[in-house]
2 protein chains.
Amino acid sequence: MPTAVEQSKSLFVRRWGEMAAYWGISRTMAEIHALLYATPTPLCTDDIMAQLAISRGNTSMSLRSLVDWGLIERVHHRGDRKEYFVANADVWALFANITRQRQRREVEPILDTVRRCRDLVDEELPRLKGDEAADLRAYRQRLDDMLEFLTAVARIVDLFLRLGPKGLKRVNGVLRKLVA
Amino acid sequence: MPTAVEQSKSLFVRRWGEMAAYWGISRTMAEIHALLYATPTPLCTDDIMAQLAISRGNTSMSLRSLVDWGLIERVHHRGDRKEYFVANADVWALFANITRQRQRREVEPILDTVRRCRDLVDEELPRLKGDEAADLRAYRQRLDDMLEFLTAVARIVDLFLRLGPKGLKRVNGVLRKLVA
DNA sequence: TGATACTTTCAGTATATATTGAAATTACAG
DNA sequence: CTGTAATTTCAATATATACTGAAAGTATCA
């Protein structure tokens, strides 16, 4: 492979890996994903091990996670018992997947907890008077603010995901008008 | 403080801390922030150390980061040389801050890199023919897809931030129509 | 100016997370 | 079934990140 392209791919893989932490996936998972995304041809475990210089175990576990996340797929070639892998080429599907998982893993548990925190305060509030009650009401108010905000965001994200890939430009247009 | 409320606050602090990793801030930073958000009264370093059972050094560094992020503020009481801290109570401002920082730290570097990767491919493409050129064009296409998607998202986030707190409900309403 | 109260820094250490590699397991072809 | 190639698992290990605490630094007051 020519050198400018090699550079391009390795740059892409490296940067994708650096960003991994932010997206809640490990560096290796992200690098493997980037490599597959950059390579339309299916790759097998050994290809990946060689190109990224990582162990067989790590490769196996990371590939499994990526399949679980729905970011890559297994491919079989007839007459060859090796497994090959390809990345999902649809960028929208990629981010929709990640967003859905994060929604479920991050936003929903927080919402549950904040609701429970609010209920615990409500148990106690009627029994109190004066300064202590005032402080508590302030805390309770903040929990409510948080709750309202988070549910609004969750709803918007949900609507957004339903819009699908073609919705991106429409949303852009609509928002542009709202801002103006 | 009554026990149901104690439970409520410690639950809130713990959960906020667990979510920290996802948001790119450390557990302690998140816990301190949660504690301050849950406590409308300003707290000093010793209050925080005591309540979260963490060291002075850790407290000091985390508080500084939180101030840098714009998530909390320093407060001074006359006749007292201690520094006190309060959380920004505005939930919208909180998330707008985090979003802006993540945009700058994550989305922009990725965009720069992907553009550079594309340019490197374009350097090489005209010199190639046949299968190799086809593979390369596929890679180049994927970089373009990614670029288009990321710039669209960046634009939307930007518009969103400009809308401010009152825009949340309007966006919700508008999106709801788009989906229907 | 010195004494005191408070804050910051950072080398050392602890903790959490990711990775290796070899053994165990599975899947397939003959 | 048997032998072999491929994959998975997981205890040991490496690496990255966060935390501690004591020493150094800074600000304020008498």
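Quick note: structure is the one above.
Conventions and cut-offs
Residues numbered from 1 in each chain as written. Chains lettered and ligands numbered in written order. Predicted model: local features only at pLDDT ≥ 70, side-chain atom pairs only at ≥ 80, totals over all residues. Heavy atoms only, no water. Helix = DSSP H or I, 4+ residues; strand = E, 2+ residues; numbered from the N terminus. Rg over C-alpha atoms; globule rule 2.2 N^0.38 Å. Buried < 20%, exposed > 50% of the residue type's maximum accessible area, 1.4 Å probe, protein only. Areas by Shrake-Rupley, 256 points an atom, 1.4 Å probe, with all protein chains shown as cover. Lys, Arg positive; Asp, Glu negative; His and termini not counted. Charge placed at Lys NZ, Arg CZ, Asp CG, Glu CD. Axes fitted to C-alpha atoms, helices over the stretch in contact; angles between N-to-C directions. Left-handed = near helix turned anticlockwise from the far one by under 90°. Contact = heavy atoms within 4.5 Å. Nonpolar A, V, L, I, M, F, W, Y, C, P; charged D, E, K, R; others polar. Expected span 1.5 Å × (residues − 1). Pairing = 2+ DSSP bridges. Near = heavy atom within 4 Å. Polar contact = N/O pair within 3.5 Å; in protein donor to acceptor, adjacent residues only side chain to side chain. Salt bridge = Lys/Arg side-chain N within 4 Å of Asp/Glu carboxyl O.

(A) A look at the overall build of chain A. When helices and strands are counted, chain A shows seven helices and three strands. Overall, chain A shows an N-to-C arrangement of helices and strands of α-α-β-α-α-β-β-α-α-α. Rg of the C-alpha trace for chain A: 23 Å, well past the compact-globule value of 16 Å for 180 residues, more than 25% over. Expressed as lengths along the three principal axes of its C-alpha atoms, the size of chain A is roughly 75 × 45 × 30 Å. In chain A, which comprises 180 residues, the proportion classed as buried is 49%. Of the accessible surface of chain A, which amounts to about 9,300 Å², a share of 50% is contributed by carbon and sulfur atoms. Of the charged side chains in chain A, 29 are positive and 24 negative, and the gap between their average positions amounts to 6 Å.

(B) View of the packing of helix H7 (residues 167-179) of chain A against helix H7 (residues 167-179) of chain B. Viewed as axis vectors pointing N to C, H7(A) and H7(B) meet at an angle of 145°, and their least axial separation amounts to 11 Å. Crossing angle aside, the handedness with which H7(A) passes H7(B) is right-handed. Between H7(A) and H7(B), the contacting residues are Arg170(A), Val171(A), Val174(A), Leu175(A) and Leu178(A) on the first element and Arg170(B), Val171(B), Val174(B), Leu175(B) and Leu178(B) on the second. When the residues that make up the contact of H7(A) with H7(B) are grouped by side-chain class, the tally is eight nonpolar, no polar and two charged.

(C) Looking closely at helix H2 (residues 27-38) of chain A. Residues and elements named next belong to chain A. Along its twelve residues, H2 runs 16 Å from first to last C-alpha, staying within 8% of the 16 Å computed at 1.5 Å per residue. The element H2 is largely enclosed, with a buried count of eleven among its twelve residues. For H2, the set of buried residues is Thr28, Met29, Ala30, Glu31, Ile32, His33, Ala34, Leu35, Leu36, Tyr37 and Ala38.

(D) Inspection of the environment of Asp145(A) at higher detail. As for its placement among the helices and strands, Asp145(A) is situated in helix H6 (residues 130-163). A relative accessible area of 27% means that Asp145(A) is categorised as partly exposed. In this view, Asp145(A) contacts Tyr37(B) and Val91(B); residues no more than four positions away in its chain are not counted.

(E) Spotlight on the pairing of strand E2 (residues 72-76) of chain A. All names here are of chain A. As defined by bridge partners, E2 adjoins strand E3 (residues 83-87) across five bridges and the pair is classed as antiparallel. From the neighbouring strand, Val75 faces E3, where its bridge partner is Tyr84. From the end of E2 to the start of E3, which pair antiparallel, there are six residues, and Gly79 there has a positive phi angle of about 75°.

(F) Here's a closer look at the protein's contact with DNA strand C. Among the 19 residues in the neighbourhood of DNA strand C, the closest are listed as Thr28(A), Ser55(A), Asn58(A), Arg64(B) and Glu83(B). When the atoms of DNA strand C within 4 Å of the protein are grouped by moiety, sugar and phosphate amount to 64% of the total. Contact distances for DNA strand C include 2.8 Å between a phosphate oxygen and a backbone N or O atom of Ser55(A). Within the side chain of Arg81(B), an N or O atom sits 3.2 Å from a base oxygen of DNA strand C. Of all the secondary structure elements, the ones that give two or more residues to the surface near DNA strand C are helix H4 (56-69) of chain A together with helix H4 (56-69) of chain B. Counting residues per element, the surface near DNA strand C draws most heavily on H4(B), which supplies five residues.

(G) Representation of the protein's contact with DNA strand D in the model. Lining the immediate surroundings of DNA strand D are 18 residues, of which Arg64(A), Glu83(A), Thr28(B), Ser55(B) and Arg81(B) lie closest. The backbone of Glu83(A) places a nitrogen or oxygen atom 2.8 Å from a phosphate oxygen of DNA strand D. Elements represented by at least two residues in the surface near DNA strand D include exactly H4 of chain A together with H4 of chain B. The leading source of residues in the surface near DNA strand D is H4(A), at five residues. Across the surface near DNA strand D, the residue classes break down as three nonpolar, eight polar and seven charged.

(H) Seen up close, the sheet that holds strand E1 (residues 43-44) of chain B. The strand order across the open sheet formed by three strands is E1-E3-E2 (chain B), and the pairing between neighbours is antiparallel. With one partner strand each, in any of the chains shown, E1 and strand E2 (72-76) of chain B form the two edges of the open sheet.

(I) Spotlight on the interface of chain A and chain B. Opposite the 69 residues of chain A that make contact, chain B presents 69 residues. There are two salt bridges connecting chain A and chain B. With its nearest N and O atoms 3.3 Å apart, the salt bridge here joins Lys169(A) to Glu148(B). Sorting the residues of the side of chain A that touches chain B by element identifies helix H1 (3-23), H2, helix H5 (91-124), H6 and H7 of chain A as the ones contributing at least two each. Here the side of chain A that touches chain B takes 19 residues from H6(A), the largest share from any one element.

That's the geometry; what it means functionally is another story.
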